[in-house]
Amino acid sequence: MGNHSDGSPNHSGTVATAGQNEVEKFQDPGIPPHRLRLADTDPRAAKKAERQVALLFGTSVVGTLIFLVSYFAIDLGNDSSIATIRLQNALLGIGTAFAMLGIGTGIVHWAKALMPDHEVSEERHAIRTEEDRQAAVRIVDDIVEETGIKRRPLIRNTLLGAVALAPLPALAIFGDLGPRPDFALAHTLWAPAPDGKLKRLARDPDGTPIKAADVTIGSAFHVIPEGLNELSEGRLNEKAKAVVLLMRLDPNELHPSPGRESWAYNGIVAYSKICTHVGCPVALYEQQTHHLLCPCHQSTFDLTQQCKVIFGPASRPLPQLPIAVDAEGYLVATSDFHEPVGPSYWEREQHVLIPNS
Amino acid sequence: MSSSLTPDAPVFVAKTTGGRITDFVDQRVGGSGILREFGRKVFPDHWSFMFGEVALYSFVILLLSGTFLTFFFDPSMAETHYAGSYTPLKNVEMSVAYSSSLNISFDVRGGLFMRQVHHWSALLFVASVSVHMLRVFFTGAFRKPRELNWVVGGVLLILSMAAGFTGYSLPDDLLSGNGLRIIDGVIKSIPVIGTYTSFFLFGGEFPGTMIISRLYMLHILLVPALILLMIVMHLFMVVVHKHTQYPGPGRNDGNVVGYPLGPVYAAKAGGFFFIVFGVVALMAAFFTINPIWNYGPYDPSPVSAGTQPDWYIGFVDGALRLMPGTIGDWKVEQVWFGHVFTFNVLLPALVPAGILFTVMFTYPWIERWITKDNREHHVLDRPRNAPTRTAIGMAGFVWYCVMWAAAGSDLIATHFNVALNDVTYWLRALFFVGPVIAFVVTKRVALALQRKDREIALHGRETGRIVRLPHGEFIEVHAPLDEYKRYKLVGFESPAPLPAVPNEHGVVDRKENRRAKLSRWFFEDRVAPVTPAELEAAHGHHGSHEAVEAAASQKTLSH
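Being a predicted model, the structure only gives us computed values, none of them experimental.

(A) Structural detail: the overall build of chain A. Across its full length, chain A holds eight helices and twelve strands. Relative to a compact globule of 357 residues, whose C-alpha radius of gyration would be 21 Å, chain A shows 38 Å and is clearly more extended. Taking the principal axes of its C-alpha atoms as reference, chain A extends roughly 100 × 80 × 65 Å. Residues classed as buried in chain A amount to 34% of the 357 residues present. Long-range pairs, those at least 24 residues apart, make up 55% of the contacts in chain A between residues at least 6 apart in sequence.

Shown next, in the form of structure tokens:
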């Protein structure tokens, strides 16, 4: 019958106001009359519902038995296959599900079909009486008044000062949760050994050194510093900073900036694998486009532009590791990274200035 | 006392076994008062009230399954060589935490089942808390006197996410380790204290050897204790306020209509616990969740493509993905005064979540200020009857969903064969446009539904029966509503905008002016409930278009 009762169609958006036609409002007709269920009038229906509830409870018993049988009958032994575990997991789950759903649906069916379903109305009582409400405000006012805190600002201010300072020891006592950061983030395992020996680039994870001759154009290596795997302590901490991606491109495709010409060897370049965004490993190398992609947040770095960010949330290029070849033909890092790897942090700028030697 | 001992004084004796037990307990510890108050307390019934129950029950399941897991889990990050029965990882170097998680999965009977029950119910817990909050928001249940309970609910939502995240990281597998590394990157971006916070959290450099045991303590002690405390406060306030009810015949702000707690409501609610448990068990039986044995132990070098956090962290992760790190050649990360301001991480990590939670926590007060509505409300609003609030809620919801979808941008790209960059560009646009579209569309839909309600209230429901009148006109016969159904459609308030009111100095200050503007924005588009006079008019000329049009055009319009 069309839209004709709710305001003028040529007046967009709005309809009648409450103020107009305020003849009266509809009166609340009260709770609708109760409708009897089949089970309320027909004893056979009630009996049927009763049997259904009992059947559901019976299903629960079956479920419990399924659980117990599959728990004790399936032996995980010492070399259980994944299939056995999946089977047991499924049976334990089915058993529990039947046991629980049987009870649950049984009770709910019982409640809905057989228990009285008369909706009743109950008065809401005010949370508190008006008298209490005013008394409470008066009591608080009296208490504040009797302390005299408003009249004695000296007491109030010294108390505030004391209370403000008192939690400081509670904070200070957590001071040993960790060491001071100092320059820890500025260095990696790539720094040459104290005797001046340069670190070789080794394969991740087995740690075998990489010969420059093994790196063909288009290939990529996941790299760790030589000796990382032999660390007895802090191996993961060092690895978290030192992992590197090694790739070989046509040397003409690299465009090193001044000062970085000698950081590559024959088109072989090494870049930190730790994303400058929030630190995920930049693990995806698109060989055709020479892009590196971080799978966590899709920051994309262009190898041909010294890993400049070309897409995504990272702001800085991946740090480059200067590399060369030693006398035996193995790739070595000529120095540590010239800047901290990984995500930015407050003091980072100072650490960039620290000369790596 | 002595009078009660006289032989002819009537002494109350319980007649049934149940009565005798009740009486026995009552005479020793008291409690008849409590039972009298609660035994038959009336609870309104509606399917949408279940979400809160699901949350409570999944928390109980979490406590049960979690306790089981603690008997076998060892949160140590010491290095060990795996010696369990999962052959692909035999002798692989890993942390004790990861090894014990594998043992729970492969060598403890039912361990995998309990792990999956625990993880699924954790996901369900956060989900049901969220949906429950949406229900409360869209029905206006947060209004006076329930504002503080809304805040407690918000705290519970944050705590549930904290519980989830601390637990997610415990197995020390590759996936959760990368998640922790992202957290570390976000923490490091915090100005001034970021680096120290990271070092203190991890006990030194990432990943260190402390983080799992620290998260474990938070996960099994501090966070659940806080959740429990908040749940107690939450339920206490529910008892104080009594439950809200949907509008309908016989229901008003002065009463509660529903079923008595005992037996019907208690049976339904209690039975529902078993149903929730059963459903979680089914999910644990058939849907693998967090197969840590596929990921391998944490190692800072590898990462799997398509990594996803648990769903409730998704919106933050998505925001991180959406933020561009460079705009042209301009870096969003800035170095000022020799210090790094990592805006490309800080802004997406803090601003959207900050806005969402700030608006969420303060919304009851914002709406109360705009509407000047200081009355107690126990009858809920149907979402359509509060179009602007519903539209605000949908705008926020869509905003959240855009960020959430962004956390799966790579999966969207691979599943639908579209370019990853395009997905990101579109989602960046939707981040700004989506909430606006959602607001406008929702408000129009709500108003349209209200008009439909008016239509039904005035003319009855369509029967689908077409009748040809003697002069040849075809009409559809409408069946009139009974008074109960009609009351549901007409028994609501439709407040008009509140113009600015001068203060005691007779001046309309700027704040009041702003409030009046917001009030107009809130209420200017509105549909008034049908009045008896309108119904009379519609009935008096039933079937006659012209007359009804005439009645409608008599109305004065609000603007």
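(B) Spatial organisation of the overall build of chain B. Looking only at helices and strands, chain B features 21 helices and ten strands. Along the first, second and third principal axes, the C-alpha atoms of chain B reach 95 × 90 × 65 Å. Buried residues in chain B amount to 45% of all 559 residues. In chain B, 71% of the contacts between residues at least 6 apart in sequence involve partners at least 24 apart.

(C) Region of interest: the domain arrangement of chain B. By the assigned domains, chain B splits into domain 1 (2-38), domain 2 (42-246 + 261-381) and domain 3 (457-553). Between the C-alpha centres of domain 1 of chain B and domain 2 of chain B the distance comes to 47 Å.

(D) Representation of the nonpolar core in the model. The biggest cluster of nonpolar side chains holds 175 residues, and the ones touching the most others in it are Leu201, Val223 and Leu246 of chain A together with Val280 of chain B. Per-element tally for this core: the top contributor is helix H11 (residues 261-286) of chain B, with 15 residues. Beyond its immediate chain neighbours, meaning those up to four positions away, valine 223 of chain A contacts Leu201, Ala202, Arg203, Asp204, Ile210, Val244, Leu245, Leu246 and Ala270 of chain A. Counting seven residues, the second largest nonpolar core, distinct from the first, contains Ala457, Leu458, Val490 and Ala538 of chain B.

(E) Molecular detail of the interface of chain A and chain B. If you look at the interface, chain A gives 99 residues, while chain B gives 119 residues. Those elements that provide at least two residues to the side of chain A that touches chain B are helix H3 (82-113), strand S1 (120-123), helix H7 (235-242), strand S9 (308-311) and helix H8 (348-353) of chain A. A per-class count over the side of chain A that touches chain B returns 49 nonpolar, 33 polar and 17 charged. By the bridge criterion, four bridges tie S1 of chain A to strand S4 (residues 255-260) of chain B in an arrangement that is antiparallel. Within S4 of chain B, the position partnered with valine 120 of chain A by the bridge is glycine 258 of chain B.

(F) Here's a closer look at the sheet that holds strand S8 (residues 300-302) of chain A. Residue and element names in this part refer to chain A. Overall, antiparallel pairing links the four strands, which are arranged S6-S7-S8-S9 in an open sheet. The sheet terminates laterally at strand S6 (284-286) and S9, the two strands that pair on one side only. Adjacent strand axes in the sheet meet at a mean angle of 30° when their direction is disregarded.

(G) Representation of the domain arrangement of chain A within the structure. For chain A, the assigned domains read domain 1 (38-113) and domain 2 (184-353). Taken over C-alpha atoms, the centre of domain 1 of chain A sits 58 Å from the centre of domain 2 of chain A.

(H) The arrangement of the sheet that holds strand S11 (residues 323-325) of chain A in detail. A sheet is described by the order of its strands in space; here seven strands give the open sequence S10-S5-S4-S3-S2-S12-S11 (chain A), paired in antiparallel fashion. Edge positions in the open sheet fall to strand S10 (320-321) and S11 of chain A, since each of these has one partner strand only.

(I) Layout of the confidence of the model for chain B. Residues and elements named next belong to chain B. Chain-level pLDDT for chain B is 91 on average; 95% of the residues reach the 70-or-more range. Every residue in residues 543-559 is under pLDDT 50, and counting partners more than four places away or in other chains gives 29 contacts. As a predicted assembly, this complex carries a pTM of 0.91 together with an ipTM value of 0.88.

(J) The environment of arginine 382 of chain B, seen in detail. Residues and elements named next belong to chain B. Mapped onto the elements of the fold, arginine 382 is located in the loop between helix H14 (343-371) and helix H15 (387-406). Arginine 382 gets classed as buried once you count the C-beta atoms within 10 Å, which come to 20. In this structure, the C-alpha to C-alpha distance between arginine 382 and lysine 488, residues 106 residues apart in sequence, is 9.9 Å. Ignoring anything within four residues of it in the chain, the contact list for arginine 382 reads Pro247 and Phe492.

(K) Spatial organisation of the packing of helix H4 (residues 50-70) of chain B against helix H10 (residues 211-241) of chain B. Residue and element names in this part refer to chain B. At their nearest, the axes of H4 and H10 sit 12 Å apart, and the two run at 155° to each other. By the angle class used here, H4 and H10 are roughly antiparallel. The two elements H4 and H10 cross, and the hand of that crossing is left-handed. On H10, the residues touching Leu56, Phe59, Gly66 and Thr70 of H4 are Ile220, Ile227 and Ile231. Within the contact of H4 with H10, the residues separate by chemical class into five nonpolar, two polar and no charged.

(L) Representation of the pairing of strand S9 (residues 461-468) of chain B within the structure. Residue and element names in this part refer to chain B. When you tally the buried positions in S9, you get zero out of eight residues, a small fraction of the element. With six bridges connecting them, S9 and strand S10 (residues 474-479) associate as antiparallel partners. Its bridge partner being in S10, valine 467 is matched across the sheet by isoleucine 475. As consecutive antiparallel partners, S9 and S10 are separated by five residues, and within that stretch glycine 472 has a phi angle of approximately 105°, a positive value.

(M) Geometry of the environment of aspartate 336 of chain A. Residue and element names in this part refer to chain A. In this structure, aspartate 336 sits in the loop between strand S12 (331-333) and H8. On the basis of neighbour count, aspartate 336 is assigned to the buried category, with 25 C-beta atoms found within 10 Å. Residues aspartate 336 and leucine 236 lie 100 residues apart in sequence; the distance between their C-alpha atoms is 18 Å.

(N) View of helix H5 (residues 96-106) of chain B. Here H5 of chain B lies mainly inside the structure; nine of its eleven residues are buried. Of the positions making up H5 of chain B, those classed as buried are Ala97, Tyr98, Ser99, Ser100, Ser101, Leu102, Ile104, Ser105 and Phe106 of chain B.

(O) Geometry of unusual backbone geometry. Residues and elements named next belong to chain B. The omega angle of the peptide bond from lysine 144 to proline 145 is 5°, so this bond is cis rather than trans. Looking at where proline 145 falls in the secondary structure, it is placed in the loop between helix H6 (111-138) and helix H7 (147-168). The omega torsion of the bond from glycine 262 to proline 263 falls at 0°, within 30 degrees of zero and hence cis. Tracing the backbone through its elements, the reader meets proline 263 in helix H11. The phi dihedral of asparagine 290 falls on the positive side, at around 50°, and the residue is not glycine. Considering the arrangement of structural elements, one finds asparagine 290 in the loop between H11 and helix H12 (292-295). Asparagine 290 sits in the buried class, given 21 other C-beta atoms within 10 Å. For lysine 372, which is not glycine, the phi torsion reads 55° and is therefore positive.

(P) How the structure looks around the confidence of the model for chain A. Taken as a whole, chain A shows an average pLDDT of 88; of its residues, 91% reach a score of 70 or greater. Across residues 1-22 of chain A the pLDDT falls below 50, and counting only partners more than four positions away or on other chains, this stretch makes 54 contacts in the model.

(Q) Local environment of the pairing of strand S3 (residues 220-225) of chain A. All names here are of chain A. Looking at chain direction, strand S2 (residues 199-203) and S3 are connected through three bridges and run antiparallel. For leucine 201, the partnering residue across the bridge sits in S3 and is proline 225. One ladder, built from four bridges, connects S3 with strand S4 (residues 244-248); its direction is antiparallel. The partner of histidine 222 across the bridge, within S4, is leucine 245.

Reading guide: rules and limits
Residues numbered from 1 in each chain as written. Chains lettered and ligands numbered in written order. Predicted model: local features only at pLDDT ≥ 70, side-chain atom pairs only at ≥ 80, totals over all residues. Helix = DSSP H or I, 4+ residues; strand = E, 2+ residues; numbered from the N terminus. Rg over C-alpha atoms; globule rule 2.2 N^0.38 Å. Buried ≥ 20, exposed ≤ 12 C-beta atoms within 10 Å, placed from the backbone. Contact = placed C-beta atoms within 7 Å. Domains from an automatic or database assignment. Core = buried A, V, L, I, M, F, W, Y, C linked by C-beta atoms within 7 Å. Nonpolar A, V, L, I, M, F, W, Y, C, P; charged D, E, K, R; others polar. Pairing = 2+ DSSP bridges. Axes fitted to C-alpha atoms, helices over the stretch in contact; angles between N-to-C directions. pLDDT = per-residue confidence, 0-100. Parallel < 35°, antiparallel > 145°, perpendicular 65-115°, else oblique. Left-handed = near helix turned anticlockwise from the far one by under 90°.

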